Amino acid sequence: MAAVHPLRSPAARTGGRCVHVSGQAVHLFRFSSSLGLAYEYFCDVPTVFKLLPDALNVHTYADNRHRLIVGASDGHGHTMASVFDLLAIHEPGQAIRIVPDDTGPPIEMPGLIFSGSLSAEAIFSPQDDGTHVEYTVDIAMDVPIPHMLNMMPLHILQNLGERGMEYKMSQMISGFTRSITDDFHTWLKSAA
């Protein structure tokens, strides 16, 4: 098991008070293109993940290993973000699986930063009208409770966190779907 960098441990920075949130989003993309082209597009994992709403940054730190930072910045250097280190596993023409990776470099960012777990899967299937891609994203994280909320009961914060995550997952998949569809068609034109 890899050592946990001090910034990766929300409990170390908040006295152990965290709210656990998780969610799943599933979408079926229908592209009127060949399976090969759809697969090639999704192989560019950083570009695909940059299309997620609230993605602050995506960069590659090793072969098929990427860091996704999702969160918000107030424009004055204050950030609250979750960091996801990811390993992409390619099954050419069939699937791309994204699993958590515990070999990422130390997190060096200002603000309330915490690590999360993200898994994703794109399953490709040829159809009469082109290619279908079933895309599933699972996210889980322990969100540290900011000091200003320390006096609130944990069950209320947990309830708020769960409702917030439900809203964010809905917002994420609808924004992601629009962005992927638009970006794929733009990419297809430039690839021709």
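For clarity, every value in this text was computed on a predicted model and none was experimentally measured.

Trainee: I would appreciate a short explanation of the overall build of the protein in the present structure.
Mentor: Summing up its helical and strand segments, the protein has 4 helices and 7 strands in all. Its helices and strands taken in sequence order, the protein reads α-β-α-α-β-β-β-β-β-β-α from the N to the C terminus. Here the protein, with 192 residues, has 36% of them falling under the buried criterion. Partitioning the contacts of the protein with sequence separation of at least 6, the portion at a separation of at least 24 is 65%. Accessible surface, the protein: about 10300 Å² in total, of which carbon and sulfur atoms supply 57%.

Trainee: Honestly, the pattern of salt bridges in this entry has me stumped. Any pointers?
Mentor: For side chains of opposite charge, pairing can occur when their charged atoms come near one another. Going through the model one piece at a time under the given rule, you end up with 4 salt bridges. Between Arg65 and Asp101 there is a salt bridge, and its shortest N-O distance comes to 3.3 Å. With Arg65 in strand β3 (residues 65–73) and Asp101 in the loop between β5 (95–100) and β6 (112–127), this pair connects stretches of sequence that are 36 residues apart. Overall, the relative accessible area of 9% leaves Asp101 in the buried class.

Trainee: Before we go on, may I ask you to explain the nonpolar core in this structure?
Mentor: Note on soluble globular proteins: their nonpolar side chains tend to be buried together. Of all hydrophobic cores here, the largest spans 38 residues; its most connected members are Phe42, Phe49, Ile98, Leu118, Tyr135, Phe176 and Ile180. Broken down by secondary-structure element, the contributors of at least two residues to this core are β1 (18–31), α2 (35–43), α3 (45–50), β4 (79–91), β5, β6, β7 (130–144) and α4 (154–191). Looking at this core, the element that brings in the most residues is β7, giving 6 residues. When near neighbours in sequence (up to four residues on either side) are disregarded, Leu118 contacts Phe49, Leu68, Phe84, Leu86, Ile98, Val99, Pro100, Val137, Asp138 and Ile139.

Trainee: Even after reading the chapter, I still don't get the packing of aromatic side chains, so can you show me in this structure?
Mentor: The description of an aromatic ring pair uses the distance of the two centres, along with the angle that the planes make with each other. According to the stated counting rule, one finds 14 aromatic pairs in the structure shown. Ring centres of Phe29 and Phe176 lie 6.4 Å apart, and the angle between their planes is 80°; this geometry places the pair in the edge-to-face category. Here the residue Phe29 occupies a position in strand β1, and Phe176 occupies one in helix α4, the gap between them amounting to 147 residues. Pair check on accessibility: Phe29 and Phe176 agree, each one buried. Ring geometry for Phe42 against Phe124: centres 5.8 Å apart, planes inclined by 75°, an arrangement best described as edge-to-face. One end of the pair, Phe42, is in helix α2; the other, Phe124, is in strand β6, and 82 residues separate them in sequence. Accessibility classification places Phe42 together with Phe124 in one group, the buried group. Among the aromatic residues, those joined into a cluster by ring pairs are Phe29, Phe31, Tyr39, Tyr41, Phe42, Phe124, Tyr135, Phe176, Phe184 and Trp187.

Trainee: Honestly, empty space enclosed by the protein in this entry has me stumped. Any pointers?
Mentor: Where empty space is left becomes clear once a probe the size of a water molecule has been rolled over the atoms. Here the structure, examined in full by the defined rule, presents 1 cavity of 30 Å³ or more. Taken together, Phe42, Val45, Val48, Phe49, Ile96, Ile98, Ala122 and Tyr135 form the lining of the largest cavity. Counting residues per element, the lining of the largest cavity draws most heavily on α3, at 3 residues. Counted by class, the lining of the largest cavity contains 8 nonpolar, no polar and no charged residues.

Trainee: How do you make sense of the confidence of the model for the protein when you look at a structure like this?
Mentor: Predicted coordinates in areas of low pLDDT are best not read in detail. The predicted model of the protein has a mean per-residue pLDDT of 83, with 82% of residues at 70 or higher. Confidence scores differ between elements of the protein, with helix α1 (residues 10–14) showing the lowest mean pLDDT of 42 and β5 the highest of 98. Ignoring residues within four places in sequence, the model shows residues 1–14, a span with pLDDT below 50, making 29 contacts including any to other chains.

Trainee: Just checking my understanding: could you explain α2 for this structure?
Mentor: What sets the pattern is the α-helix's 3.6 residues per turn: residues three or four places apart point alike. What α2 keeps buried is the set Ala38, Tyr39, Tyr41 and Phe42. One side of α2 carries all its buried residues, which in axial view fall inside an arc of 160°.

Trainee: Could you clarify how one ought to interpret the side chain of Asp101 in this entry?
Mentor: Within the local environment of Asp101, its side chain forms a polar contact with the side chain of Tyr61, the two groups lying 2.5 Å apart. Only 2.6 Å separates the side chain of Asp101 from the side chain of Thr103, close enough to count as a polar contact. Contacts of Asp101, omitting those with residues within four sequence positions, involve Tyr61, Arg65, Asp85, Leu86 and Leu87.

Conventions and cut-offs
Residues numbered from 1 in each chain as written. Predicted model: local features only at pLDDT ≥ 70, side-chain atom pairs only at ≥ 80, totals over all residues. Heavy atoms only, no water. Helix = DSSP H or I, 4+ residues; strand = E, 2+ residues; numbered from the N terminus. Buried < 20%, exposed > 50% of the residue type's maximum accessible area, 1.4 Å probe, protein only. Contact = heavy atoms within 4.5 Å. Areas by Shrake-Rupley, 256 points an atom, 1.4 Å probe, with all protein chains shown as cover. Salt bridge = Lys/Arg side-chain N within 4 Å of Asp/Glu carboxyl O. Core = buried A, V, L, I, M, F, W, Y, C linked by side-chain atoms within 4.5 Å. Phe/Tyr/Trp six-rings, centres within 6.5 Å; stacked < 30°, edge-to-face > 60°. 1 Å grid on protein atoms, 1.4 Å probe; cavity = no way out; pocket = protein on both sides within 12 Å on 5 of 7 lines; lining within 4 Å. Points joined across faces, edges and corners; volume = space filled by probe spheres on them. Nonpolar A, V, L, I, M, F, W, Y, C, P; charged D, E, K, R; others polar. pLDDT = per-residue confidence, 0-100. Arc of directions from axis to C-beta. Polar contact = N/O pair within 3.5 Å; in protein donor to acceptor, adjacent residues only side chain to side chain.

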